[in-house]
Amino acid sequence: MTLRFPFLAALAGLTLAACEDGMMTPDLAALNEPDVVRTTSAIAPPGAKPGTCWGRSVTPAVIETVTEQILVQPAEVLADGTVISPGVYRSETQQRIVRERRETWFETPCDDVWTEEFTATLQRALKVRGHYTGAITGEMDKRTRAAIRRYQEPQGLNSSILSLAAARQLGLVAVAREE
């Protein structure tokens, strides 16, 4: 038996080999994840304790545009249904804020904590919980940020910046004792 399309047979073999090696499907949400730029200046909300690090999530306002037809002059209609003159309408367009712009500040682990080992541990913790699908690299890449967003979103924080509360829930940062 001769193969008519050896290229397809090779492609099928590679696909099966990839499945056996445990390679995961591509994380499509990671493709849309924006790059995060860390600033060196101390950006924090008013009243923040010195030495703490903060992240900020800004949700833009949702505005809808509504166009309504306003009756200016009603139609003139005879008793038998004959229209003498049609109704006159004017269009009126308004914009309404459906949801206000919202800025959320949340405490994050500081830069001295963000080592390659910390990121690898974060990836493992997210992988065990089914949020991370990539290899454990120790790099804060788009796939890791998308997994952070998927983990935090059900808790009300739609951000790819890891909050200190989420880091504590994952067991990555010790919970401060009350004195």
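Here the residue numbers are simple positions, counted from 1 along each chain's written sequence. Local features are withheld for residues below a pLDDT of 70 in this predicted model, meaning they are given only at 70 or higher, and side-chain atom pairs are given and counted only at 80 or more; totals for whole chains, interfaces and linings count all residues. Side-chain metrics in this entry use all non-hydrogen atoms of the structure; hydrogen atoms and water are not considered.

### Topic: the nonpolar core
And step 1. Here, the term nonpolar core denotes a set of buried Ala, Val, Leu, Ile, Met, Phe, Trp, Tyr and Cys residues that are joined through side-chain atoms within 4.5 Å. In this scheme, a residue with accessible area under 20% of its type's maximum is buried, one over 50% is exposed, and one in between is partly exposed, where area comes from a 1.4 Å probe on protein chains only. Judged by nonpolar contacts, the single largest core of 14 residues is most densely connected at L122, L126, L162, L170 and L172.
And step 2. Counting from the N terminus, the helices are the DSSP runs of H or I reaching at least four residues and the strands are the DSSP runs of E reaching at least two. Contributions of two or more residues to this core are made by α3 (116-128), α4 (142-152) and α5 (164-169).
And step 3. No other element matches the 4 residues that α3 contributes to this core.
And step 4. Note on contacts: a residue pair qualifies if any of its non-hydrogen atoms lie within 4.5 Å across the two residues. Sequence-distant contacts of L170, that is, excluding residues within four places in its chain, are made with L122, A125, L126, R129, Y151 and L162.

### Some thoughts on the layout of surface pockets
And step 1. Within this model, the second largest pocket holds a volume of roughly 150 Å³.
And step 2. Counting only elements with at least two residues in the lining of the second largest pocket, the list comes to β1 (53-59) and β6 (102-108).
And step 3. When residues of the lining of the second largest pocket are assigned to their parent elements, the largest contribution, 3 residues, is made by β1.
And step 4. Each residue receives one of three labels: charged for Asp, Glu, Lys and Arg, nonpolar for Ala, Val, Leu, Ile, Met, Phe, Trp, Tyr, Cys and Pro, and polar for the others, Gly being one of them. Of the residues in the lining of the second largest pocket, the class split is 3 nonpolar, 5 polar and 1 charged. Here a cavity denotes grid points, spaced 1 Å and computed from the protein atoms alone, that fit a 1.4 Å probe unable to get out, and a pocket denotes an open set having protein on both sides within 12 Å along at least 5 of 7 lines; residues with an atom within 4 Å of a point are the lining. Grid points are joined across faces, edges and corners, and a volume is the space filled by probe spheres set on the points.

### A word on the pattern of salt bridges
And step 1. Here, a salt bridge means any Lys or Arg side-chain nitrogen found within 4 Å of an Asp or Glu carboxyl oxygen. Enumeration over the complete set of coordinates arrives at 3 salt bridges.
And step 2. We note a salt bridge from R90 to E92, for which the minimum N-O separation is 2.8 Å.
And step 3. The partly exposed category is assigned to R90, whose relative accessible area is 42%.
And step 4. Note on E92: relative accessible area 26%, which makes it partly exposed.

### Observations regarding the confidence of the model for the chain
Any segment with low pLDDT has predicted coordinates that should not be analysed in fine detail.
And step 1. A residue's pLDDT is the predictor's confidence in that residue, given on a scale from 0 to 100. Of the residues in the chain, 74% reach a pLDDT of 70 or more, and the chain-wide mean stands at 81.
And step 2. Confidence, read as mean pLDDT per element, is least for helix α1 (residues 6-20) in the chain (47) and greatest for α3 (95).
And step 3. For the stretch residues 14-24, pLDDT sits under 50, and the model shows 2 contacts to residues farther than four places along the chain or on other chains.
And step 4. Here residues 36-41 is modelled with pLDDT under 50, and outside its nearest four sequence neighbours on either side it reaches 5 contacts, counting other chains as well.

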